[in-house]
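Structural overview for review
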Amino acid sequence: MAKFKDGSGTEREIKLDTGLIEDVIEKHGVELDTMFMEDSDGVMRLIYGKPRKFGPILADLCRLAGDDAKAFVRGLNAEAMQAARSAFLDDLSSFFLPPAARGAFLTAVEKAATNTAPSDGSLKPTESAAVSSA
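This is a predicted model, so every value here is computed, not measured. (Residues numbered from 1 in each chain as written. Predicted model: local features only at pLDDT ≥ 70, side-chain atom pairs only at ≥ 80, totals over all residues. Heavy atoms only, no water.)

1. Digging into the overall build of the protein chain
- Helix and strand content of the protein chain: seven helices and two strands.
- Counted from the first residue to the last, the protein chain has its helices and strands arranged as β-β-α-α-α-α-α-α-α.
- Going through the 134 residues of the protein chain one by one, you find that 37% of them count as buried.
- Sequence-distant contacts in the protein chain: of pairs separated by 6 or more residues, those separated by 24 or more amount to 57%.
- If you sum the accessible surface of the protein chain, you get close to 7500 Å²; carbon and sulfur atoms cover 50% of it. (Helix = DSSP H or I, 4+ residues; strand = E, 2+ residues; numbered from the N terminus. Buried < 20%, exposed > 50% of the residue type's maximum accessible area, 1.4 Å probe, protein only. Contact = heavy atoms within 4.5 Å. Areas by Shrake-Rupley, 256 points an atom, 1.4 Å probe, with all protein chains shown as cover.)

Right under this line is the structure:
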């Protein structure tokens with residue numbers, strides 16, 4: 001379970017389970033499991049390059065619906081989005097990786113996020129965040 005404060009200062013919680021992964025696949029067409037295991041750059045593109053897609057996914061991961069979900073997404077400012085990214089990555093790695101591999105994964109993601117080239121205003125990771133858990 002990972003927590004963060006949204007744009008209004010309300011503490012939110014992300015706790016992945018297989019049902020939520022299925023919901024995200026059905027509702028958003030994003031296969032978090034496949035993306036995590038096979039396309040770590042896709043995870044980076046989702047969380048850093050597609051805030052309009054990531055916001056509604058976050059709302060679902062926080063188990064928000066209807067007007068609450070809309071207000072949550074509209075209120076995701078830069079600070080809240082960064083906190084949500086960190087919480088998401090923490091929970092995602094907790095769900096999919098053994099404890100010994102989590103630190104290396106989170107370090108690689110942070111490094112990849114830091115090594116971005118701001119060309120044409122978009123974030124483009126210059127190296128993969130993929131980490132072998134072997």
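Next comes the rest of the account.
2. Examining the environment of Val-24
- Residue placement: Val-24 occurs in helix 1 (residues 18-28).
- Residue class for Val-24 comes out buried when judged on its relative accessible area of 0%.
- It is 8.1 Å that separates the C-alpha atoms of Val-24 and Leu-61, two residues lying 37 residues apart in sequence.
- Excluding anything up to four places from it in sequence, Val-24 contacts Gly-29, Val-30, Leu-32, Ile-57 and Leu-61.

3. Focus: the nonpolar core
- Core analysis: the largest hydrophobic core is formed by 39 residues, its most contacted members being Ile-14, Leu-46, Leu-58, Leu-61, Phe-72 and Phe-88.
- Sorting the residues of this core by element identifies strand 1 (2-5), helix 1, helix 2 (32-38), helix 3 (40-49), helix 4 (51-61), helix 5 (66-74), helix 6 (78-96) and helix 7 (99-114) as the ones contributing at least two each.
- It is helix 6 that provides the largest number of residues to this core, a total of eight residues. (Core = buried A, V, L, I, M, F, W, Y, C linked by side-chain atoms within 4.5 Å.)

4. A closer look at helix 7
- In a regular helix each residue adds 1.5 Å, so 16 residues correspond to 22 Å; helix 7 covers 24 Å between its end C-alpha atoms and thus fits that length.
- Within helix 7, the full set of buried residues consists of Ala-101, Phe-105, Ala-108, Val-109 and Ala-112. Across the axial projection of helix 7, the buried residues extend over an arc of 100°, all falling on one side. Turned more than 90 degrees away from the buried face of helix 7, the exposed residues are Pro-99, Thr-107, Glu-110 and Thr-114.
- Contacts made by the buried residues of helix 7 are with helix 2, helix 3 and helix 6. (Expected span 1.5 Å × (residues − 1). Arc of directions from axis to C-beta.)

5. Digging into the packing of aromatic side chains
- Per the stated rule, a full pass over the model turns up five aromatic pairs.
- Ring centres of Phe-36 and Phe-96 lie 4.9 Å apart, and the angle between their planes is 20°; this geometry places the pair in the stacked category. Here Phe-96 lies in helix 6 and Phe-36 lies in helix 2, a separation of 60 residues in the sequence. Considered together, Phe-36 and Phe-96 belong to a single accessibility category, that of buried residues.
- What links up through ring pairs into an aromatic cluster is the set Phe-36, Phe-95, Phe-96 and Phe-105. (Phe/Tyr/Trp six-rings, centres within 6.5 Å; stacked < 30°, edge-to-face > 60°.)

6. A few points about the packing of helix 3 against helix 4
- Between helix 3 and helix 4, the least distance of the axes is 6 Å, while the angle of their chain directions is 90°. On the basis of their axis angle, the class for helix 3 and helix 4 is roughly perpendicular. For the pair formed by helix 3 and helix 4, the contact residues are Leu-46, Ile-47 and Gly-49 on the first element and Pro-51, Lys-53, Phe-54 and Ile-57 on the second.
- In the contact of helix 3 with helix 4, the residues fall into five nonpolar, one polar and one charged. (Axes fitted to C-alpha atoms, helices over the stretch in contact; angles between N-to-C directions. Parallel < 35°, antiparallel > 145°, perpendicular 65-115°, else oblique. Nonpolar A, V, L, I, M, F, W, Y, C, P; charged D, E, K, R; others polar.)

7. Notes on the pattern of salt bridges
- Applying the stated criterion across every chain, the model contains five salt bridges.
- The salt bridge partner of Asp-60 is Lys-27, with a shortest N-O separation of 3.2 Å. Here Asp-60, found in helix 4, pairs with Lys-27, found in helix 1; they are 33 residues apart in sequence, far enough to count as distant.
- For Lys-27, a relative accessible area of 58% gives the class exposed.
- Two residues, Arg-102 and Asp-90, come together in a salt bridge whose shortest N-O distance is 2.3 Å. With a gap of 12 residues between them, Arg-102 in helix 7 and Asp-90 in helix 6 connect regions that are remote in the sequence. (Salt bridge = Lys/Arg side-chain N within 4 Å of Asp/Glu carboxyl O.)

That is the geometry; function is a separate question.
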